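A closer look at the structure
Next come the chains, spelled out residue by residue.
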Amino acid sequence: MKTIPDQIADIKEKLPDLTSTPPGLKVEASSHDLKARLDWGEPGLTIIDVRDFESFNKSRITGAVPMPMDELVERAKSSLEPVRDIYIYGETDEQTAEAANLLRGAGFRRVAELKGGISAWKVIEGPIDGAVEHGNPGPDAYNVFARLQHHAKAQKIHK
């Protein structure tokens, strides 16, 4: 006759595993893959944008960090662990693949190429940030004097 601990162990082996796990990292990831991972609530990943700073400032995936191609390996080595899950995207899929290969060559083992980049992310309505996405205030937006002048002109027109 089996002991109670042995019986419990036997029963546990027969039960299905109901523990929720995040979607796995793929070498070539879609926007849906990344969004599923973020929706699952896993903070253990980094999203890298290798486009130039101007493009990054205009529009980017929320939470992405800028690491332009010419600084990519140096910045990644100084700020990320080599076992960190990294999702990377660029201007094109070719630039994304090149950046991913640079990181892999530098010892980063868990790098996913985000296919379609920011365009694919926008198609699935993933969260985005940037001046283009949230409106870019004009040069007089914070100049109170210029705003008062504009208001005075507008008042004269409407009289």
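The rules we used
Residues numbered from 1 in each chain as written. Predicted model: local features only at pLDDT ≥ 70, side-chain atom pairs only at ≥ 80, totals over all residues. Heavy atoms only, no water. Buried < 20%, exposed > 50% of the residue type's maximum accessible area, 1.4 Å probe, protein only. Helix = DSSP H or I, 4+ residues; strand = E, 2+ residues; numbered from the N terminus. Pairing = 2+ DSSP bridges. Core = buried A, V, L, I, M, F, W, Y, C linked by side-chain atoms within 4.5 Å. Contact = heavy atoms within 4.5 Å. Salt bridge = Lys/Arg side-chain N within 4 Å of Asp/Glu carboxyl O. Expected span 1.5 Å × (residues − 1). Arc of directions from axis to C-beta. Phe/Tyr/Trp six-rings, centres within 6.5 Å; stacked < 30°, edge-to-face > 60°. Lys NZ or Arg CZ within 6 Å of the ring centre and 35° of its normal.

So, the pairing of strand β2 (residues 45–49)
Counting buried positions along β2 gives five out of five residues, so the element sits mostly inside the fold. In β2, alternate side chains face the same way, and those of Leu-45, Ile-47 and Asp-49 on one face and Thr-46 and Ile-48 on the other are all buried. By the bridge criterion, five bridges tie β2 to strand β5 (residues 85–89) in an arrangement that is parallel. Along β5, the bridge assignment pairs Asp-49 with Tyr-89. Judged from the two bridges that link them, β2 and strand β4 (residues 65–66) form a sheet pairing that is parallel.

Structural notes on the nonpolar core
Membership of the largest hydrophobic core comes to 15 residues, with the highest contact counts inside it found for Leu-34, Ile-47, Ile-61, Ala-64, Tyr-87, Tyr-89 and Trp-121. Contact partners of Ala-64, with chain neighbours within four places excluded, come to Ile-47, Asp-49, Phe-56 and Tyr-89. By size, the runner-up hydrophobic cluster in this structure holds 14 residues, among which are Ile-48, Ala-76, Phe-108 and Val-111.

Remarks on the pattern of salt bridges
Proximity of charged atoms lets side chains of opposite charge pair with each other. A full pass over the atoms with the stated rule returns eleven salt bridges. Between Lys-35 and Asp-39 there is a salt bridge, and its shortest N-O distance comes to 3.2 Å. Residue Lys-35 and its partner Asp-39 are located together in helix α2 (residues 31–40), separated by four residues, close to a single helical turn. With relative accessibility at 23%, the residue Lys-35 sits in the partly exposed group. Between Lys-58 and Glu-54 there is a salt bridge whose closest N-O contact spans 3.4 Å. Separated by four residues within a single helix, Lys-58 and Glu-54 lie in helix α3 (residues 53–58), roughly one turn from each other. Classification of Glu-54 by relative accessible area gives exposed; the value is 55%. Sharing partners across several salt bridges, the network here consists of Glu-28, Arg-104, Glu-113 and Lys-115.

Things to note about helix α5 (residues 93–105)
If you check α5, its first and last C-alpha atoms are 18 Å apart, about what 13 residues at 1.5 Å a residue would give, namely 18 Å. Listed in full, the buried residues belonging to α5 are Gln-95, Thr-96, Ala-99, Ala-100 and Leu-103. Relative to the axis of α5, the buried residues are bounded by an arc of 135 degrees and lie together on one face. Exposed residues lying more than 90 degrees from the buried face of α5 are Glu-94 and Gly-105. Considering only its buried residues, α5 is in contact with β2, α4 (72–79), β5 and β6 (111–114). Within two residues after α5, Gly-107 carries a phi angle of roughly 105 degrees, on the positive side.

What about the packing of aromatic side chains?
Overall, the coordinates contain zero aromatic pairs when judged by the stated rule. We note Arg-60 situated over the ring of Phe-56; from NZ or CZ to the ring centre the distance is 4.6 Å.

Concerning the environment of Thr-92
The residue Thr-92 is located in the loop between β5 and α5 in this model. Using a relative accessible area of 36% as the deciding quantity, one classes Thr-92 as partly exposed. Taking C-alpha positions, Thr-92 is 7.0 Å from Gly-117, a pair spaced 25 residues apart along the chain.

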